[in-house]
Amino acid sequence: MALWKPDPTFYASPRDAVSAPPEKLAYVAAFDRSAEKPDAIAVLDVDPGSASYGDVVGWTDLPYLGDELHHFGWNACSSALCPYAPHPHVERRYLIVPGLRSSRVYVIDTKDKPTSPEIVKVLEADELAKRAGYSRPHTVHCGPEGLYLTALGGANGEDGPGGIALLDHTSFDVLGRWEVDRGPQYFAYDAWWHIAHDVLITSEWGTPSMIEDGVVGELLLGRKYGHSLHFWDLRKRRHVQEVDLGDEHQMVLELRPAHDPTKQYGFTGVVVSVEDLSASVWLWHRDGDRWAATKVITIPAEPADASGLPDVIAPFGAVPPLVTDIDLSVDDQWLYVSCWGTGELKRYDVSDPFHPVEAGSVHIGGITRRTPHPAAPDLPLAGGPQMVEVSRDGKRVYVTNSLYGSWDDQFYPDGVGAWMAKLDSTAGGFALDERFFPHGEAFRGRRPHQTRLQGGDASSDSYCYP
């Protein structure tokens, strides 16, 4: 849908985004692990002045079973203002929602009924396979010339390579495979960019057979999961350089580039080191005319009695942090790190990106801790901070507790539950909001995964002006 004036939720610069009005709704992907009920988009009231604050106030069931909704995104965002491929008159209206198990992609309209969004299009798995050669869509990012959809698997029964499909902004048709020359890249996960520098970065998890039934111990100890970053020429769609973090660093997942378009650095999280079960955060950056990556945060495993651990980690006698998500505030000051295994959300001041300083930590859930939320102090919680999303102004941080169905079941075999929490983040403090704790039946038997905020958030937009 075209507008006469740019969408007011498009921001030319990070500074403009930070000063914008706060979100009032959050959209959360919720999936049914048993595939007996359809997955859904839950709509939550996040306006502190509302009588229904913290409640699920809207719900949209999908038409099929077994999708396992994953990392969804907006159809358009601030990148539409970029000068080399401007589309200033599109609007942030549709959620593009991939099913990681089904390979379907849903287009959901939030404009006319923001608390009852409507499905307006479904891309079936065969269209993604036929036109792009991919399956298992994972992550959506809105670019200035189209929608970038990362996918873990190949098509027609092929396990890989994974890669990026490009979707049309308006029709949402699959245009085709993004890569012209993929070089050595085979594994896929996330993709992001330094849009003003024509640089795209991709990360690595594994192929569908390596992840869909849980972590495979032999592959992990054999150092077979992804452990590299890949750098691309964004305009030419060609692979430029691979940076290997070392095969002990297994599963290089979320990518969070600096929001300041004049900068060329960003952060990525590594789930686990097979040498000591630690997790880590790495900084990618320029080193002369090449790219480099430097480990800037290490989070050690915590010793634990093996009798209280799930089978997958019992032989190690320790709980790995399992850094499964990170998020960077729009002003590039705060990095949030989810430790899904230990049940902790860490906050770091990354004003100096080479030297992060821990500046807050909150425990909730965890494999052994089961830390409750202050709103329900007698309710032990499974899962931990997993997906993390930050408001544009950086004052609010939202977390959900489910990672991926089969991995939930491995690490929390007695049940992962379902909960969402919000933290208040200021220069003076970092703490859970006792008023915000949707959990249990609020999600109607589904597990909450990713969150998107009305009007955009810290991981949805890229900016072309400083």
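- An unreviewed UniProt entry annotates the protein as Methanethiol oxidase of Actinomadura verrucosospora.
- Under the UniProt heading Sequence similarities (unreviewed entry), the note attached to the protein is "Belongs to the selenium-binding protein family."
- The UniProt entry for the protein carries the following comment under Catalytic activity (unreviewed entry): "methanethiol + O2 + H2O = hydrogen sulfide + formaldehyde + H2O2 + H(+)".

Re the overall build of the protein
Here is step 1: Scanning the protein for helices and strands turns up five helices and 30 strands.
Here is step 2: Its C-alpha radius of gyration of 20 Å places the protein within 12% of the 23 Å reference for a compact globule of 466 residues.
Here is step 3: Dimensions of the protein, computed from C-alpha atoms along their principal axes, come out at roughly 60 × 50 × 45 Å.
Here is step 4: Per-residue burial over the protein gives 62% buried out of 466 residues.
Here is step 5: With an accessible surface of roughly 16,200 Å², the protein has 51% of that area assigned to carbon and sulfur atoms.
Here is step 6: The average position of the 41 basic charges and that of the 66 acidic charges among the side chains of the protein differ by 5 Å.

Notes on the pairing of strand S15 (residues 238–244)
Here is step 1: Relative to S15, strand S14 (residues 228–233) runs antiparallel, the two sharing six bridges. Within S15, the position partnered with His230 by the bridge is Glu242.
Here is step 2: Here S14 folds back onto S15 in antiparallel fashion, the turn holding four residues, of which Arg237 has a positive phi close to 60°.

Scoring rules and cut-offs
Residues numbered from 1 in each chain as written. Predicted model: local features only at pLDDT ≥ 70, side-chain atom pairs only at ≥ 80, totals over all residues. Heavy atoms only, no water. UniProt positions renumbered as here; feature names shortened; annotations may be inferred. Helix = DSSP H or I, 4+ residues; strand = E, 2+ residues; numbered from the N terminus. Rg over C-alpha atoms; globule rule 2.2 N^0.38 Å. Buried < 20%, exposed > 50% of the residue type's maximum accessible area, 1.4 Å probe, protein only. Areas by Shrake-Rupley, 256 points an atom, 1.4 Å probe, with all protein chains shown as cover. Lys, Arg positive; Asp, Glu negative; His and termini not counted. Charge placed at Lys NZ, Arg CZ, Asp CG, Glu CD. Pairing = 2+ DSSP bridges.

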